[in-house]
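# Structural characterization, general
So you can see what is in the structure, the chains are spelled out below.
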Amino acid sequence: MKSSELQNLFLRRAEECRAAASELQTLVIEYGGKPDSGGSATGALHRGWVAVRGSLSGYSDHAMLEECERGEDAALGRYRAALREEGLPEAVRAVIARQQLGVQANHDQIKRLRDLDKAA
C-alpha cells in the first residue's frame, strides 16, 4: 500500500486477527481438539491472489482495499457458518459472536475507505 495511514491500519488489523486466531486455538485445545496452525487453503489462495492482483495493478490502494474487503466477506461467511453450528458450547459461541462483530466492523471500515478512495 502507498498510504502510510492504510499501512498502519492493516498492521493493526493483522495483529488483531492473530490475537483472535490465538483465542480460538486456545478454545480448541481447551475442548480437546487440535488447532489448525497453517491457515486455510482458501486464505492461502486469497493471499496469493492479492499478491498477483497487486503486482498487476501496481499495488494501488484502491485495488488492495477491494481485495481486503473480499477477504473480510469470506471471513464473515466463515463466522456466520460457525454460529449456525448446533451443539457449540455457549462459551465458544460467545467468543465467535464477539469476534464476528469485530470482523463486521473491519469489513465496514474497509468498505468505507474503499468507497472514499473511489470517490476521490
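The paragraphs below set out a description of the structure included in this document. (Residues numbered from 1 in each chain as written. Predicted model: local features only at pLDDT ≥ 70, side-chain atom pairs only at ≥ 80, totals over all residues. Heavy atoms only, no water.)

Let us look at the pattern of salt bridges. Here the structure, examined in full by the defined rule, presents seven salt bridges. Note that Glu16 is salt-bridged to Arg13, the shortest N-O span being 3.1 Å. You can see Glu16 and its partner Arg13 sitting in helix α1 (residues 4-30), three residues apart, about one turn around the helix. By relative accessible area, Arg13 is classed as buried at 17%. Between Arg114 and Asp115 there is a salt bridge, and its shortest N-O distance comes to 2.5 Å. (Salt bridge = Lys/Arg side-chain N within 4 Å of Asp/Glu carboxyl O. Helix = DSSP H or I, 4+ residues; strand = E, 2+ residues; numbered from the N terminus. Buried < 20%, exposed > 50% of the residue type's maximum accessible area, 1.4 Å probe, protein only.)

Let us look at the nonpolar core. Counting residues in hydrophobic clusters, the biggest one holds eight residues: Leu27, Ala75, Leu76, Tyr79, Val92, Val95, Ile96 and Val103. Elements that contribute at least two residues to this core include exactly α3 (61-84) and α4 (90-119). It is α4 that contributes the most residues to this core, four residues altogether. Once residues within four sequence positions are removed from consideration, Tyr79 is found in contact with Leu24, Ile96, Gln99, Gln100 and Val103. Grouped together as the second largest cluster of nonpolar side chains are five residues, Leu6, Leu9, Phe10 and Ile110 included. (Core = buried A, V, L, I, M, F, W, Y, C linked by side-chain atoms within 4.5 Å. Contact = heavy atoms within 4.5 Å.)

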